[in-house]
Amino acid sequence: MKSLDDLIQSVSRMADEDRQPPPPADLLFYAPCPVKLAVKDAIDALAAAHAATGDSLAVHIPMGCTSVDPYDPLHRETDPGHLPRVIASIGFGDFFRRGFVERFVNAGVFAAPQPAGVTPMHRAAGIVDPDGHYLVYGLTPYIFLIDRKRLGDLPVPRRWADLLDPRYAGQVNMCGDGDDMADAVLLSIHKDFGMQGIARFAANTRGLMHSSRMAKSGGAPQAGGIYILPYFFAETTRQPDHMLTVWPEDGAAASPLYMLAKRNARPRLDRLVDFFATGFGQMESARWFLPLTGPLPRSLPQGAAIKWIGWDYIRAIDITALRDRLNGEFRLLVKAREGQGRGDVACAS
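Just so you know, these numbers come straight off a predicted model, no measurement behind them. (Residues numbered from 1 in each chain as written. Predicted model: local features only at pLDDT ≥ 70, side-chain atom pairs only at ≥ 80, totals over all residues. Heavy atoms only, no water.)

Q: Looking at this structure, I do not really get the nonpolar core. What am I missing?
A: Buried together is how nonpolar side chains tend to be arranged in soluble globular proteins. Phe201, Phe276 and Trp308 are the most contacted members of the largest nonpolar core, which has 113 residues in total. Here this core takes 9 residues from strand E4 (residues 135–147), the largest share from any one element. Ignoring sequence-local partners within four residues, the contact set of Phe276 consists of Leu27, Phe29, Ile43, Ala88, Leu135, Tyr137 and Met259. (Core = buried A, V, L, I, M, F, W, Y, C linked by side-chain atoms within 4.5 Å. Buried < 20%, exposed > 50% of the residue type's maximum accessible area, 1.4 Å probe, protein only. Helix = DSSP H or I, 4+ residues; strand = E, 2+ residues; numbered from the N terminus. Contact = heavy atoms within 4.5 Å.)

Right, here's the structure in full:
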């Protein structure tokens, strides 16, 4: 039997091992839950084809929402040799942080493919990275789902600016769960209306709620009449007639699904890179996430546009630091409003 000293030393060694960087991977992949399994199946098939040639791919795809991910601190890495050859992620998170961008992105470690056949919708929004580093291969579009019964006599909002009008106080249900938030929504409002806009938006927000709760047929109990959620959840749930999906006239706030590929990843990982460039859209479930080269959902309204914050804006500031600040301040403002007793709260689940 080990002595207490031996046990303490063993635990200490395990902690030291845990602090070591994970082994370099060919692919580190994060995706929205509705498409994660479908993409994993496609990547598994690519990995099997590689293995058949005697070349095994090292792939890391975190599947659990609460599992420990050894790649969580990857954005703090200083050695490009420790980075995965291909990183695919979502939102304005760690791989947009200023430190990571300065060390690796601006230094030319990554080069994005330039796929042909980019849809007019994406081109009009300026989704393609003009500097050729990031490949935004899809988008999570945030739209409005309206409960006309709970909205009552109020007009149906049609633009993002409408949600700042005081007449919608207590009517807005914001997509948010745990530490997550619809980052593109807050960033877009801040870009257009500043912190005053964020404060006005928070004053109208009844509470935070996970998208899956918002999408329940007929809406969620104790909720307001306006849900802000991804298009996927609004359109893939059968709703009663009093529920209305609204694609904002000034565009759906868009959060990126993106890929970073090291220059030295090619030609070995060409098929993997090409999957994100063009193959993603060939999956049926991917269409709700607006693939860069299409096809797009048939249910899109005529003239549907994307509200993208823009590459100039992204590069002018530390976009991830701003996202984190807005997330925290918005939550505090909503909590303060709740404390004033202005309406019931639909809590996140």
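What follows continues from the structure just given.
Q: How should I be thinking about the pattern of salt bridges in this particular structure?
A: Side chains that differ in charge, positive against negative, can pair when their charged atoms come close. Across all of its chains, the model carries 17 salt bridges by this definition. Arg97 is paired through a salt bridge with Asp324; the nearest N and O atoms lie 3.0 Å apart. Taken together, the positions of Arg97 in the loop between strand E3 (86–90) and helix H3 (98–105) and Asp324 in helix H11 (residues 319–339) put the pair 227 residues apart, joining distant regions of the chain. We classify Asp324 as partly exposed; its relative accessible area is 33%. One network of salt bridges, in which partners are shared, links Asp26, Asp55, Arg85 and Arg268. (Salt bridge = Lys/Arg side-chain N within 4 Å of Asp/Glu carboxyl O.)

Q: Sorry, what's going on with empty space enclosed by the protein here?
A: A probe as big as a water molecule, rolled over the atoms, marks out the empty space that is left. Enumeration according to the criterion identifies 1 cavity of 30 Å³ or more in this entry. Estimates place the volume of the largest cavity at around 50 Å³. In this structure, the largest cavity is lined by Ala112, Pro113, Gln114, Ile127, Val128, Asp129, Tyr134, Leu135, Val136 and Leu292. Here the lining of the largest cavity is built from residues that sort into 8 nonpolar, 1 polar and 1 charged. (1 Å grid on protein atoms, 1.4 Å probe; cavity = no way out; pocket = protein on both sides within 12 Å on 5 of 7 lines; lining within 4 Å. Points joined across faces, edges and corners; volume = space filled by probe spheres on them. Nonpolar A, V, L, I, M, F, W, Y, C, P; charged D, E, K, R; others polar.)

Q: How should I be thinking about the packing of helix H2 (residues 33–52) against helix H9 (residues 270–279) in this particular structure?
A: Packing of H2 against H9 brings their axes to within 10 Å, and their N-to-C directions diverge by 160°. In this view, H2 runs roughly antiparallel relative to H9, as classed from their interaxial angle. As for the relative orientation of H2 and H9, their crossing is right-handed in sense. Within the contact between the two elements, H2 uses Val39, Ala42, Ile43, Leu46, Ala49 and His50 and H9 uses Arg271, Leu272, Phe275 and Phe276. The class makeup of the residues in the contact of H2 with H9 is 8 nonpolar, 1 polar and 1 charged. (Axes fitted to C-alpha atoms, helices over the stretch in contact; angles between N-to-C directions. Parallel < 35°, antiparallel > 145°, perpendicular 65-115°, else oblique. Left-handed = near helix turned anticlockwise from the far one by under 90°.)

Q: So what exactly am I meant to see when it comes to the pairing of strand E10 (residues 252–261) here?
A: Regular strands place side chains that alternate from one sheet face to the opposite one. Of all 10 residues in E10, 10 are buried, a share of seventy percent or more. Burial along E10 is two-sided: the face carrying Ala252, Ala254, Pro256, Tyr258 and Leu260 and the face carrying Ala253, Ser255, Leu257, Met259 and Ala261 are both buried. As paired elements, E3 and E10 share 5 bridges and run antiparallel to each other. Across the sheet, the residue bridging to Val86 is Ala261, located in E10. Relative to E10, E4 runs antiparallel, the two sharing 7 bridges. Among the inter-strand pairings, Gly138 is bridged to a residue of E10, identified as Leu257. Across 2 bridges, E10 lies against strand E11 (residues 306–307) in parallel orientation. Paired with Ala253 across the bridge in E11 is Lys307. (Pairing = 2+ DSSP bridges.)

Q: Got a minute to help me understand the pairing of strand E7 (residues 205–209) in this structure?
A: Burial runs high along E7: 5 of the 5 residues are buried. When strand E5 (residues 172–177) meets E7, the two strands line up parallel, connected through 4 bridges. Along E7, the bridge assignment pairs Asn173 with Gly207.

Q: Please clarify how the side chain of Lys36 should be interpreted in this entry.
A: Here Lys36 lies in helix H2. For Lys36, a relative accessible area of 12% gives the class buried. Separated by 3.1 Å, the side chain of Lys36 and the backbone oxygen of Pro62 make a polar contact. Excluding anything up to four places from it in sequence, Lys36 contacts Ala31, Pro62 and Met63. (Polar contact = N/O pair within 3.5 Å; in protein donor to acceptor, adjacent residues only side chain to side chain.)

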